[in-house]
Structure formats: C-alpha cells, structure tokens
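Residues per chain, in single letters:
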Amino acid sequence: MFARGGWKRPVLGFVIIFLYWNSILAWTDIREEPSVSIFLSGVCPDGRKAEEILETEAGSENPSGICFYQDAGLKELSDTQYGRTSQAPAGGLYGNAALYDSRLNGFSEEDRTGCVIDEKTALDLFGTTEGEDRPLSFDGREYTVRKVIPWKQQMILFHPEERENTCTRVFLEVTGNSRENSARQFMIKYGLTGVLTDGGFLKAPVSAALMLLPGMIFVCLFKAMASERKKYGFKNSSYWLWTAAGFLLAGTVVVFLWRNVRIPGDWIPGKWSDFAFWQEKLKTEAERMKLYLMFPKSVLQTENIMSGLISVFYSITAFVLSFLWKKT
C-alpha cells in the first residue's frame with residue numbers, strides 16, 4: 001500500500017502517535033464509580049421509605065453511604081427570568097448525591113430548592129454555561145442551579161419534595177468488603193430485592209487494548225536485540241552489551257507490570273486446584289457485563305462507556321497501522 005521510503009513513513013508514524021495519544025486521553029477520562037449500583041425490583045421503596053432507611057443507616061454503628069435514585073422522566077424546564085425553555089431527563093436523589101456522581105459533592109441532601117444541570121441545558125436556558133445561582137422552574141416549582149457539570153448528556157438532578165414516587169435504584173458506598181457482599185447485606189437488612197450492576201470490569205479490557213502497541217514495540221525491540229547479539233561471538237564484548245540491554249528491557253517491563261497491574265482479590269481462587277473457579281468466574285463476569293450494558297446508565301456510566309469505546313478504537317487502529325508502518 002505504501003511505497004518504501006519517502007514521506008509516507010514519518011507521516012504514518014505521526015498518525016500512529018496521534019491516535020495512541022488520544023487513546024490514552026480517553027482512557028484517563030474513565031472515572032472510578034464512587035459506589036455500586038443496585039436496580040431494585042419487587043416492591044420498590046417510595047421517598048418516605050428511602051428516608052427511613054437513610055435515618056436508620058445514619059444511626060447504625062457502621063453507617064454506609066446511600067443514595068436512592070428516582071427516575072422523574074423528561075421535564076420541560078423554563079428560565080423564570082427570560083422565558084427560555086429546554087427539555088432534559090430528570091432524576092430525584094435521596095441521600096448522598098456524590099455516590100451517584102462524585103462531581104455532585106457538596107450538593108447537600110437537605111437542599112430542596114437546588115438542582116444540578118449539564119452545560120447544554122444551561123446554554124439553552126441562560127445563553128451561557130455559567131448558570132450557577134440562576135433560577136429555573138419545572139412541574140410548577142422554582143429551583144436554583146447549584147452546579148453546572150460538563151456531562152456529555154442532558155440531565156437535571158434535584159432532591160424531591162414529594163415522597164410518594166418510587167425509587168428504582170440505589171447507589172451504595174462500599175468500604176472494606178466485596179461489592180457483591182455489601183449489596184447483598186444491604187438488601188437483606190432492609191428487605192429489598194434487586195440486581196447489582198458493576199462497571200468495575202470496564203477499565204480492564206480498555207487497558208488491555210492500550211497495551212497492544214507497547215507490547216508490539218517491546219517484541220520488535222527484543223527481536224532486534226537478539227538479532228544483533230547473534231552477530232557477535234560469545235567472547236565479544238558487544239555480545240554481552242546486547243545481552244545486558246535485553247535483560248534491562250525485559251526487567252523494565254516486569255517492574256512496570258508489577259507496579260501497575262493488580263489482580264483483584266475475588267479473581268484469586270481459594271485453592272489453586274479448584275479448576276472450575278475460572279470457568280464460573282468468567283461466566284459470572286460475562287453475566288455482569290451483560291446486565292451492565294442492558295440496564296439504564298447513570299451519566300457517569302454512560303461517559304465511561306463512551307470513553308472506553310473511544311480508547312479501544314484508537315488503540316486498535318494505532319496497532320493495525322503500526323504493521324503498515326513496518327512495511328513502508
């Protein structure tokens with residue numbers, strides 16, 4: 001496809017570097033979810049029950065952070081000063097809003113007249129993304145914008161006054177326990193049923209895709225060093241220099257993996273002779289991934305999936321183009 005020499009090789013190299021750099025940027029945009037998400041089923045609690053659970057948990061010996069989520073549907077928003085309007089999906093929150101999204105930190109659960117919106121909604125309503133402390137209204141109530149967050153989708157979040165509406169989801173803080181056990185214990189304690197969806201798996205496959213290009217570069221360098229070493233005899237000093245360079249390269253990779261790759265505790269079997277562990281674990285993770293993709297997402301989860309897909313696309317494209325670069 002490409003002729004050898006000329007300008008095509010450096011141009012293609014620049015494209016590969018550009019793509020890979022963007023894959024790294026997209027990877028860094030993947031935020032850690034501050035909680036586990038449980039989709040409630042059966043008899044879901046209303047606002048009153050949610051506040052009872054919050055009060056009970058606050059008074060317990062080891063309280064857990066909890067945020068109940070209520071799907072409030074699509075709302076018609078109005079700027080009370082100039083009459084501009086916009087539509088946005090709305091969500092009601094009971095409890096610690098930062099467990100829904102860490103960027104909501106500071107949005108007090110006692111604040112019944114405040115709301116948080118995205119930048120596009122702010123721009124539609126106020127003509128600027130600087131919408132803090134501006135008034136808006138929906139459902140016959142007036143609210144004051146506390147924060148404008150650069151979400152990649154339109155959204156308005158608030159603390160509902162009404163207590164009759166049903167909460168369909170809960171975000172639970174996890175400390176010192178596995179996510180599955182924490183969710184199970186919480187539901188048993190308060191007589192709830194639901195399905196745990198966890199996006200913790202997302203960064204692992206994205207990171208694996210990100211390692212494709214560096215892995216190929218390592219293999220090429222190691223092969224080149226081995227080839228150079230073969231040119232010299234056992235007693236030649238250059239032989240040992242290339243040998244040392246190969247060990248140094250391999251050692252650098254081992255140290256990097258040792259410091260940066262962590263195997264979660266629940267991926268380690270209790271007994272290494274338990275050969276069925278990996279099969280069951282992979283089956284469980286595949287089911288968890290399916291549920292995560294199937295159920296509605298929070299804004300943060302949607303952003304993480306988008307960033308992950310972008311990173312994987314750029315990583316694989318850079319990896320494929322690197323083979324073409326080798327042939328030029």
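You'll find the structure just up there.
The structure presented is a predicted model; accordingly, all values stated were derived computationally and were not measured.

Bringing the packing of aromatic side chains into the picture now. Under the defined criterion, the tally for this structure stands at 10 aromatic pairs. Grouping aromatic residues by their ring pairs yields a cluster made of Y69, Y100 and F171. The lysine or arginine in question, R9, covers the ring of W325, its NZ or CZ lying 3.8 Å from the ring centre.

A cluster of acidic residues, E119, E130, E132 and D133, forms a negative patch on the protein surface. Along the polypeptide, E130 turns up in the loop between α3 (119-126) and β5 (135-138).

A separate point is unusual backbone geometry. In this structure, D133 takes a positive phi of about 70° despite not being glycine. Along the chain, the position of D133 falls in the loop between α3 and β5. Given the relative accessible area of 61%, D133 is considered exposed. The backbone of D139 sits at a positive phi, close to 55°, despite the residue not being glycine. Summarising the element assignment, D139 is placed in the loop between β5 and β6 (141-149). Relative accessible area serves as the criterion here: at 57%, D139 is assigned to the exposed category.

The next subject is the state of the cysteines. Tallied over the full model, the rule gives 0 disulfides. Looking at the unpaired C115, the closest cysteine sulfur is the one in C67, lying at 16 Å. C44 provides the cysteine sulfur closest to C167, a residue in no disulfide bond, and the two sulfurs are 8.6 Å apart. Classification of C167 by relative accessible area gives buried; the value is 0%.

In this section: helix α2 (residues 47-58). For α2, spanning 12 residues, the distance from its first C-alpha to its last is 16 Å, which sits close to the expected 16 Å at 1.5 Å a residue. Regarding α2, the residues found buried are G47, A50, I53, L54 and E57. Down the axis of α2, the sector holding all buried residues measures 120°, keeping them to one side. Buried residues along α2 sit against β2 (66-79), β3 (85-95) and α4 (179-189). One side-chain oxygen at the N-terminal end of α2 lies 3.2 Å from the backbone nitrogen of R48; it belongs to D46.

For the pair helix α1 (residues 8-28) and helix α9 (residues 299-327), the least separation of the axes is 8 Å and the interaxial angle reads 160°. Between α1 and α9, the angle falls in the class roughly antiparallel. Relative to α9, α1 is oriented so that their crossing is left-handed. Contacts from R9, L12, G13, V15, I16, L19, Y20, N22, S23, A26 and W27 in α1 reach S307, I310, S311, Y314, S315, T317, A318, L321, S322, L324, W325 and K326 in α9.

Thresholds, definitions, all that
Residues numbered from 1 in each chain as written. Predicted model: local features only at pLDDT ≥ 70, side-chain atom pairs only at ≥ 80, totals over all residues. Heavy atoms only, no water. Phe/Tyr/Trp six-rings, centres within 6.5 Å; stacked < 30°, edge-to-face > 60°. Lys NZ or Arg CZ within 6 Å of the ring centre and 35° of its normal. Patch = residues over 30% accessible without salt bridge, like charges linked within 9 Å, V, L, I, M, F, W, Y side chains within 5 Å. Areas by Shrake-Rupley, 256 points an atom, 1.4 Å probe, with all protein chains shown as cover. Salt bridge = Lys/Arg side-chain N within 4 Å of Asp/Glu carboxyl O. Lys, Arg positive; Asp, Glu negative; His and termini not counted. Charge placed at Lys NZ, Arg CZ, Asp CG, Glu CD. Helix = DSSP H or I, 4+ residues; strand = E, 2+ residues; numbered from the N terminus. Buried < 20%, exposed > 50% of the residue type's maximum accessible area, 1.4 Å probe, protein only. Disulfide = S-S within 2.5 Å. Expected span 1.5 Å × (residues − 1). Arc of directions from axis to C-beta. Contact = heavy atoms within 4.5 Å. Polar contact = N/O pair within 3.5 Å; in protein donor to acceptor, adjacent residues only side chain to side chain. Axes fitted to C-alpha atoms, helices over the stretch in contact; angles between N-to-C directions. Parallel < 35°, antiparallel > 145°, perpendicular 65-115°, else oblique. Left-handed = near helix turned anticlockwise from the far one by under 90°.

In short, the description is geometric, and any link to function would need to be established separately.
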